[in-house]
Protein chains: 2
Amino acid sequence: MAKVYDRVALIGLGLIASSMYWAIKRAGLADHVTGYARSEETRQTAREIGLCDTVCDSIADAVQGADLVVLCVPVGAMGAVAEEMSHYLKVGATVSDVGSVKRSVIDAVHEHLPQGVHFVPAHPLAGTEHSGPTSGFASLFDNRWCILVPTDDSTPEAVAQLRALWEGMGANVDEMDADHHDRVLAVTSHTPHLIAYTMVGVADDLRRVTDSEVIKYSAAGFRDFTRIAASDPTMWRDVFLTNKDATLEILGRFTEELFALQRAIRTGDGEQLHQYFTRTRAIRRGIIDAGQDTSAPDFGRGGPTKR
Amino acid sequence: MAKVYDRVALIGLGLIASSMYWAIKRAGLADHVTGYARSEETRQTAREIGLCDTVCDSIADAVQGADLVVLCVPVGAMGAVAEEMSHYLKVGATVSDVGSVKRSVIDAVHEHLPQGVHFVPAHPLAGTEHSGPTSGFASLFDNRWCILVPTDDSTPEAVAQLRALWEGMGANVDEMDADHHDRVLAVTSHTPHLIAYTMVGVADDLRRVTDSEVIKYSAAGFRDFTRIAASDPTMWRDVFLTNKDATLEILGRFTEELFALQRAIRTGDGEQLHQYFTRTRAIRRGIIDAGQDTSAPDFGRGGPTKR
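Residues numbered from 1 in each chain as written. Chains lettered and ligands numbered in written order. Predicted model: local features only at pLDDT ≥ 70, side-chain atom pairs only at ≥ 80, totals over all residues.

Regarding the overall build of chain A
(1) Moving on: Along its length, chain A carries 12 helices and nine strands.
(2) Moving on: Evaluated residue by residue, chain A yields a buried proportion of 58% over its 307 residues.
(3) Moving on: Excluding contacts between residues fewer than 6 apart, the proportion of contacts in chain A whose partners are at least 24 apart in sequence is 77%. (Helix = DSSP H or I, 4+ residues; strand = E, 2+ residues; numbered from the N terminus. Buried ≥ 20, exposed ≤ 12 C-beta atoms within 10 Å, placed from the backbone. Contact = placed C-beta atoms within 7 Å.)

Some remarks on helix α11 (residues 244-267) of chain A
In an α-helix, one turn spans 3.6 residues, which is why side chains three or four residues apart end up on the same side.
Residue and element names in this part refer to chain A.
(1) Moving on: Taking 1.5 Å as the rise per residue, α11 with 24 residues should run 34 Å; its terminal C-alpha atoms sit 34 Å apart, in good agreement.
(2) Moving on: The complete set of buried residues in α11 reads Ala246, Thr247, Ile250, Leu251, Phe254, Leu258, Leu261, Gln262, Ala264 and Ile265.
(3) Moving on: Where α11 terminates, the next one or two residues include glycine 268, which has phi positive at roughly 75°. (Expected span 1.5 Å × (residues − 1).)

Considerations on the packing of α11 of chain A against helix α11 (residues 244-267) of chain B
(1) Moving on: With their axes 11 Å apart at the nearest point, α11 of chain A and α11 of chain B run at an angle of 165° to one another. By the criterion of interaxial angle, the relationship of α11 of chain A to α11 of chain B is roughly antiparallel. When the axes of α11 of chain A and α11 of chain B are compared, the crossing they make is left-handed. Every residue of α11 of chain B that contacts α11 of chain A at Lys244, Thr247, Leu248, Leu251, Thr255, Gln262, Ile265 and Arg266 of chain A is listed here: Lys244, Thr247, Leu248, Leu251, Thr255, Gln262, Ile265 and Arg266 of chain B.
(2) Moving on: Taken together, the residues that form the contact of α11 of chain A with α11 of chain B break down as six nonpolar, six polar and four charged. (Axes fitted to C-alpha atoms, helices over the stretch in contact; angles between N-to-C directions. Parallel < 35°, antiparallel > 145°, perpendicular 65-115°, else oblique. Left-handed = near helix turned anticlockwise from the far one by under 90°. Nonpolar A, V, L, I, M, F, W, Y, C, P; charged D, E, K, R; others polar.)

Examining the environment of phenylalanine 240 of chain A
(1) Moving on: Of note, phenylalanine 240 of chain A is situated in helix α10 (residues 233-242).
(2) Moving on: Along the chain, phenylalanine 240 of chain A and valine 109 of chain A lie 131 residues apart, while their C-alpha atoms are 18 Å from each other.
(3) Moving on: Leave out the neighbours within four places in its chain, and phenylalanine 240 of chain A touches His190, Leu194 and Thr247 of chain A together with Ile265 and Leu273 of chain B.

Overview of the pairing of strand β8 (residues 145-148) of chain B
Residues and elements named next belong to chain B.
(1) Moving on: Burial of β8 is two-sided: the residues Trp145 and Ile147 facing one way and the residues Cys146 and Leu148 facing the other way are all buried.
(2) Moving on: Pairing geometry for strand β7 (residues 122-124) and β8, over three bridges, is antiparallel. Each residue of the ladder has a partner; that of alanine 122, found in β8, is leucine 148.
(3) Moving on: Sheet analysis places β8 next to strand β9 (residues 172-175), joined by four bridges and oriented parallel. Bridge pairing in β9 links leucine 148 to glutamate 175.
(4) Moving on: Handedness of the crossover is the feature at issue here: the chain leaves β8, passes through helix α6 (residues 156-168), returns alongside β9, and the resulting connection is right-handed. (Pairing = 2+ DSSP bridges. Right-handed = clockwise from strand over helix to strand, strands pointing away.)

Regarding α10 of chain A
(1) Moving on: Most of α10 of chain A sits inside the fold, with nine of its 10 residues counted as buried.
(2) Moving on: Here α10 of chain A has its buried residues at Pro233, Thr234, Met235, Trp236, Arg237, Asp238, Val239, Phe240 and Thr242 of chain A.

Digging into the domain arrangement of chain A
All names here are of chain A.
(1) Moving on: Per the domain assignment, the segments of chain A are domain 1 (5-176) and domain 2 (180-289).
(2) Moving on: Domain 1 and domain 2 are separated by 31 Å when their C-alpha centres are compared.
(3) Moving on: Between domain 1 and domain 2, the residue contacts involve 15 residues of the former and 15 residues of the latter.
(4) Moving on: Residues belonging to the side of domain 1 that touches domain 2 are distributed by class as follows: six nonpolar, six polar and three charged. (Domains from an automatic or database assignment.)

Brief notes about the sheet that holds strand β5 (residues 94-97) of chain B
Residue and element names in this part refer to chain B.
(1) Moving on: What the six strands build is an open sheet, ordered β3-β2-β1-β4-β5-β6; its pairing is parallel. Taken across any chain shown, the strands that pair with only one partner, and hence form the sheet edges, are β3 (54-55) and β6 (118-119).
(2) Moving on: Contacts between helix α1 (residues 15-27) and the sheet are confined to β1 (5-11), β2 (30-36) and β4 (68-71), with β2 contributing the most and set at about 165° to the helix.

Some remarks on the packing of helix α4 (residues 78-85) of chain A against helix α5 (residues 103-110) of chain A
The relative placement of two packed helices comes down to the angle between their axes together with the axis-to-axis distance.
Residue and element names in this part refer to chain A.
(1) Moving on: Taken N-terminus to C-terminus, the directions of α4 and α5 make an angle of 30°; their axes are 8 Å apart at the nearest point. In terms of axis orientation, α4 runs roughly parallel to α5. The interaxial crossing formed by α4 with α5 has right-handed handedness. Where α4 approaches α5, its residues Met78, Gly79 and Ala82 are matched on the opposing element by Val105, Ala108 and Val109.
(2) Moving on: Residues of the contact of α4 with α5, tallied by class, amount to five nonpolar, one polar and no charged.

Observations concerning the sheet that holds β9 of chain B
All names here are of chain B.
(1) Moving on: The strand order across the open sheet built from three strands is β7-β8-β9, with neighbouring strands paired in mixed fashion. Strands with a single pairing partner mark the edges of an open sheet, and in this sheet they are β7 and β9. This sheet shows a mean twist of 20° between the axes of neighbouring strands, independent of strand direction.
(2) Moving on: With respect to the sheet, α6 is in contact with β7, β8 and β9, its orientation differing from that of β8 by roughly 170°.

Brief notes about the confidence of the model for chain A
(1) Moving on: Averaged over every residue, the pLDDT of chain A is 89; the share at 70 or more is 90%.
(2) Moving on: Scored as a complex, the prediction yields pTM 0.84 and ipTM 0.85. (pLDDT = per-residue confidence, 0-100.)

This is the structure in structure tokens:
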């Protein structure tokens, strides 16, 4: 894999940034990668595990001379970080991010960027339930989608270069406009996460009733929910606050449909339930046919294993 | 593994019954296994793939002489099947089932069973998104829980014998009373399934807006939901109709909490969201600490793979 950038700066050293560092090194995509995190503890951990070629104690040191600066902080912190670093950016540098919401990041970051800097927001659709500088690994982005959201400040060359970086890190790259991105992700990711958080919270209340059995028998369904609901709290708080309108719209549709099914259960309308469940099964088939998942018979969701 | 029963009859030849047959054969747990399904097509398929030692064309033929009869039909069909077979049961035989709800199965089946027959309901916490006679495999129950729900008609010997069968098929066996089982499963399985069905249904409505992108970017969260929502429609219709009270109670708590989070999003109350998400993350840790799942970094939920 050929080098794509001379110098890359990663701002914020959590799951995504640390995975980017290992993926960049794996493929030799940059000569030098600097890293910065607000927390002294995080910087110390990064130094101990060899994360980044240089861990800097200030954002100014991290971004100076960088050809690419990637903001890997929670969506709600993007604007403040952009403002803090703006005076130190190299002319001709590209600024990108990895936030799960795009419109609010663009609104928050754009105003702080000086003339002559290219802004190419991005969103890698990859993650685990873990966070922090030690959670990254080089293969996180392999065969995952990364969505680029070019802005008025994105030259075709800057977009192409960032695309080469993400492809070099193993991702499949697509482009989309910001509002469309936020609507699609509200359906496929943001609302499902909120629902999973809620269901796990309800089960926690009920542990007082059913003791440890909720955990012991966390069978099909619930265990998948707990995985989803274990993601980084700060990241998800910011997602919901910044993709508020799209999330609330999908939530409104969700509760509408849930109430219809709840009513069918209460009135014993088996026909309606059966029709609904048959329809959703067809959607699953569509996903498998589209090659987005496997139909392998067991996904660890049958029931808990006893160890 | 020693033989547990001379003759076993499996009534209904779907995922669970076909997996039981292969698991019984794997460990030599019975001399002869008969099978019966209402549908001629299912019986034909079973004969073609060698499912069961004898596939019978009537329920009477299937259960006659059986030491154990296992009802593997949807919960809503259990009563009618029990009535149909009752005259042909051998004195001293054990009758069991594999339904996901226990109180309603006991109420529906018990009245039809003759004196001298032992009734030991059971619920293996195992499944996949597939159904039908070709979907079974011998390892489905390995390290999964199977909950036995002894009744007034269960002698300790009959319970011990059925326990030996399930353990021989690879399961870990536990005992519980029917109402408690139904409450625990409403939290850990039934309500999560209804919610997943609903979210997938909402996404389907929105496909007209976002085209195939909902499928293409069915990232973290949503893909797990589609897996859950692909389960057998008839089985789940019956689960919700027969575990109605417990499911509606949990649904009520769920919508109450969801509305509180929705309001926090609408009013921008980040503190409340962060607290809630921190609490649910701790629950996930509890599940991992209890040995019910692994904390491996990637569960295929990061994002869709492109093939």
